[in-house]
Amino acid sequence: MSVRLREALREAAAEVPAYPVHDRAVRTARRTRRRMAAAVAAVLVLVALVPLAVRDGGPATIAPAGVDGPALPDRIGLPGFGSLRATDRPRLGPASVVFSGQARGLTGLIDENGTVGIVGADADRYRTWTVGHEAPAGEQVLLSPDGRRLAVPAGSWEHPRIDLVDLVDGTVRRVPSPREGSTLTEPAGWAPDGTALVVRDTTPANPEGSAYVNTLSLVRLDTGRAVRLLETEQLPIFGTPVAFSADGSRLAFQVGDKVLVTAADGQSISSFPLPPESGLAGKGAWLPDGTLALVSRDPDTTRWRLRRVDPASGRDLGVLALPAVDGVTTIRLLGWWPDGSALVVGYRPDPDSPERFDGPVDMDQRTVYPNVQTIRVLGLAPGAAAPATLLTAPDQVLAIDVADAVVRAGRVRAADPPSGPGGRVWWAAGAAALVLGGLVAARLLRRRRRAHRSLGGAHLVGEEGQHGRRQGG
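Residues numbered from 1 in each chain as written. Predicted model: local features only at pLDDT ≥ 70, side-chain atom pairs only at ≥ 80, totals over all residues. Heavy atoms only, no water.

K.L.:
Outline the overall build of the protein, listing residues and values.
P.N.:
When you go through the protein residue by residue, the secondary structure sums to 4 helices and 26 strands. The proportion of buried residues among the 473 residues of the protein is 48%. Excluding contacts between residues fewer than 6 apart, the proportion of contacts in the protein whose partners are at least 24 apart in sequence is 56%. By element, 55% of the accessible surface of the protein is carried by carbon and sulfur atoms, the whole surface being about 22800 Å². (Helix = DSSP H or I, 4+ residues; strand = E, 2+ residues; numbered from the N terminus. Buried < 20%, exposed > 50% of the residue type's maximum accessible area, 1.4 Å probe, protein only. Contact = heavy atoms within 4.5 Å. Areas by Shrake-Rupley, 256 points an atom, 1.4 Å probe, with all protein chains shown as cover.)

Below, the structure written as structure tokens:
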């Protein structure tokens, strides 16, 4: 190669602009790192937001000034789609009320799903529990006196049992039927201290299953020992759980048109017939003075009152000086406030159901789902002219139970039920965000590795060029 040609090539090479391979690779690597950091930050924010959304199943309500501890919400809503279950984290803690019915969120794809809603004792934290069949709250699903445990029927017809769902630690304890051969076991009443549970068993009386025997037993939860209280072919009246005296030493329950009183050891104390259009008032039937309360309907009306009777003889002691409840199929007594007010559930009739159910044969029809449109919790204050509405519920919320601790507290709080999707939806969204973030991070990581490889190639190209120039020089 001549000197002139060599100089011409050098001049042409000098005039060619240098391609910034190294600088571009560095910029690409920096941009990749920024994108990865942004994606990771977005995923972390989503993951952080999920527990906040799940924490209470909705916005928490701050109770009004002066209201501390358990209180009755002044209204309840419906569980949202994907609501947390009673055993999900974060734990609910003690509950104030449990409710059931045929409204949205309380049934599944089939009506028999039997979902119950649960509300926290001091704030609007909602949970759910699925029984698997229609089980009215306050009748077949019962809150323990302190609101900590939920007693629900469970198992199969071959092995029936009761599940005790602990709302504080999330555990579920199985209590087997105390009656051999039983095909159905249901809770019927909690002892005041929560150490015992009355259960009702249904047992076939013959191989054909054409007749059944109904048994009431008191089960000690610490030892599992059961005391038989009653065995009869007549089913105890639906909707009137066993009523315990305040000290737990006596129990009252209704069988047909009679009230039976027994001791906690199963010893019979008394039995007396009920007046017409009357029934045992409910789980709060024992008055503070030791007498029993009945619900009675004024003849040919839909007006219900509370009256007292002597538990030893059934002698009528007169109507209590409390307002009557009108326009309902019946009322059920939950308990007594510290000021002497009675807390009752009023069952408003469905438009297509009869206004009244006459006679003892129809007593159990007054609270069944098809005959009820909704429920209200009412306060009957001594000397008041009319009941005070303390809790309202949406239509087709048809049954409710209130923890004894809430009744004894005598407080009502302003409620703000949650709306929108439940906590499990947010869990799913968080899981999807983590998966998506992982995919994005993996893709960005692959790009970063390619950029590093390009950067290494750029270094080699630069070194070879410099080496060639030195040789050419």
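Picking up where we left off.
K.L.:
Please provide a residue-by-residue account of the nonpolar core, values included.
P.N.:
If you look at the biggest cluster of nonpolar residues, it comprises 45 residues, and the most contacted ones within it are Ile76, Ile118, Leu150, Ile375 and Ile400. Take this core: its biggest share by element is 5 residues, from strand β25 (residues 397-402). If near-sequence neighbours (up to four positions away) are discounted, Ile400 is found in contact with Ile76, Val97, Val98, Phe99, Ala137, Gly138, Arg332, Val345, Ile375, Val377 and Leu391. With 29 residues, the next largest nonpolar core counts Ala252, Val261, Phe272 and Leu380 among its residues. (Core = buried A, V, L, I, M, F, W, Y, C linked by side-chain atoms within 4.5 Å.)

K.L.:
Mind laying out the environment of Ala211, listing which residues take part and the relevant values?
P.N.:
Its place among the elements puts Ala211 in the loop between β10 (196-204) and β11 (212-220). Overall, the relative accessible area of 29% leaves Ala211 in the partly exposed class. Taking the C-alpha atoms as reference, Ala211 lies 8.0 Å from Glu233; in sequence the two are 22 residues apart. Sequence-distant contacts of Ala211, defined by excluding residues within four places in its chain, comprise Thr203, Pro204, Ala205 and Asn206.

K.L.:
Go over the pattern of salt bridges, please, and point to the residues and values.
P.N.:
As enumerated under the stated definition, the model contains 17 salt bridges in all. Glu231 is the salt-bridge partner of Arg179, the closest N and O atoms lying 3.1 Å from each other. Residue Arg179 is located in the loop between β8 (172-176) and β9 (184-190), and its partner Glu231 is located in strand β12 (residues 226-232); the two are separated by 52 residues in the primary sequence. The exposure class assigned to Arg179 is buried, which follows from its relative accessible area of 17%. For the salt bridge of Glu186 with Arg200, the shortest nitrogen-to-oxygen distance reads 3.3 Å. (Salt bridge = Lys/Arg side-chain N within 4 Å of Asp/Glu carboxyl O.)

K.L.:
Hey, could you go over the packing of aromatic side chains for me, with residue numbers and the actual values?
P.N.:
Across all of its chains, the model carries 1 aromatic pair by this definition. Plain terms: the ring middles of Phe99 and Tyr126 are 6.3 Å apart, the flat faces sit at 70 degrees to each other, and that makes the pair edge-to-face. One end of the pair, Phe99, is in strand β2 (residues 95-101); the other, Tyr126, is in strand β4 (residues 126-130), with 27 residues separating them in the sequence. Judged by relative accessible area, which is 0%, Phe99 ranks as buried. Above the plane of the ring of Trp129 lies Arg85, whose end atom (NZ or CZ) is 4.6 Å from the centre. (Phe/Tyr/Trp six-rings, centres within 6.5 Å; stacked < 30°, edge-to-face > 60°. Lys NZ or Arg CZ within 6 Å of the ring centre and 35° of its normal.)

K.L.:
A description of the side chain of Ser217 should follow, citing residues and the corresponding values.
P.N.:
Mapped onto the elements of the fold, Ser217 is located in strand β11. What makes Ser217 buried here is its relative accessible area of 3%. Not counting the four nearest positions on each side in its chain, Ser217 is found in contact with Pro178, Leu197, Val198, Val199, Val227, Arg228 and Leu229.

K.L.:
Tell me about the side chain of Ser341, and name the residues and values.
P.N.:
In this fold, Ser341 is placed in the loop between β21 (331-336) and β22 (342-349). With residues up to four places along the chain from it excluded, the contact list for Ser341 reads Gly335, Trp336, Leu380, Ala381 and Pro382.

K.L.:
Pulling in residues and values, what's your account of the sheet that holds strand β20 (residues 316-319)?
P.N.:
Pairing within the open sheet is antiparallel, and its 4 strands lie in the order β17-β18-β19-β20. The open sheet has two free edges, formed respectively by β17 (278-280) and β20, since each of these has just one partner strand. Direction aside, the axes of adjacent strands within the sheet are offset by 35 degrees on average. Sheet topology note: the β17/strand β18 (residues 292-297) ladder contains 3 bridges and is antiparallel. (Pairing = 2+ DSSP bridges. Axes fitted to C-alpha atoms, helices over the stretch in contact; angles between N-to-C directions.)

K.L.:
So what's going on with unusual backbone geometry? Residues and values would help.
P.N.:
For the peptide bond that leads from Arg89 to Pro90, omega is -5 degrees, which places it in the cis range. For Pro90, the location among the structural elements is in the loop between β1 (72-73) and β2. A positive phi is found at Glu277, a non-glycine position, where the angle reads about 55 degrees. We note that Asp300 has phi near 60 degrees; this positive angle belongs to a residue other than glycine. Structurally, the position occupied by Asp300 is in the loop between β18 and β19 (304-309). We classify Asp300 as exposed; its relative accessible area is 62%.

K.L.:
For the sheet that holds strand β13 (residues 243-244), give the residues involved together with the corresponding values.
P.N.:
Spatial strand order, β13-β14-β15-β16: 4 strands in an open sheet with antiparallel pairing. A strand with exactly one partner marks an edge of an open sheet, and here the two such strands are β13 and β16 (268-273). Note: strand β15 (residues 258-263) against β16, 5 bridges, orientation antiparallel. For Leu260, the partnering residue across the bridge sits in β16 and is Ser271.

K.L.:
How would you explain the confidence of the model for the protein if you had to name every residue and give the values?
P.N.:
In the predicted model, the protein carries a mean pLDDT of 84, and the fraction of residues at 70 or more is 76%. Predicted confidence for residues 43-66 stays below pLDDT 50, and this span has 39 contacts to residues more than four positions away or in other chains. (pLDDT = per-residue confidence, 0-100.)

K.L.:
Residue-level account of the pairing of β2, with values.
P.N.:
For β2, the buried fraction is high: 7 of the 7 residues fall into the buried class. Inspection of the sheet shows β2 paired to strand β3 (residues 115-120) by 4 bridges, in the antiparallel sense. Opposite Phe99, over in β3, you have Gly117 as the bridge partner. Pairing of β2 with β25 involves 5 bridges; the strand directions are antiparallel. Across the sheet, Val97 pairs through a bridge with Val402, a residue of β25.

K.L.:
Describe the environment of Gly410, naming the residues involved and giving the relevant values.
P.N.:
Summarising the element assignment, Gly410 is placed in the loop between α3 (404-409) and β26 (412-413). A sequence separation of 73 residues divides Gly410 from Trp337, and the C-alpha atoms of the two residues are 5.1 Å apart. If sequence neighbours within four positions are ignored, Gly410 has contacts with Trp337 and Pro338.

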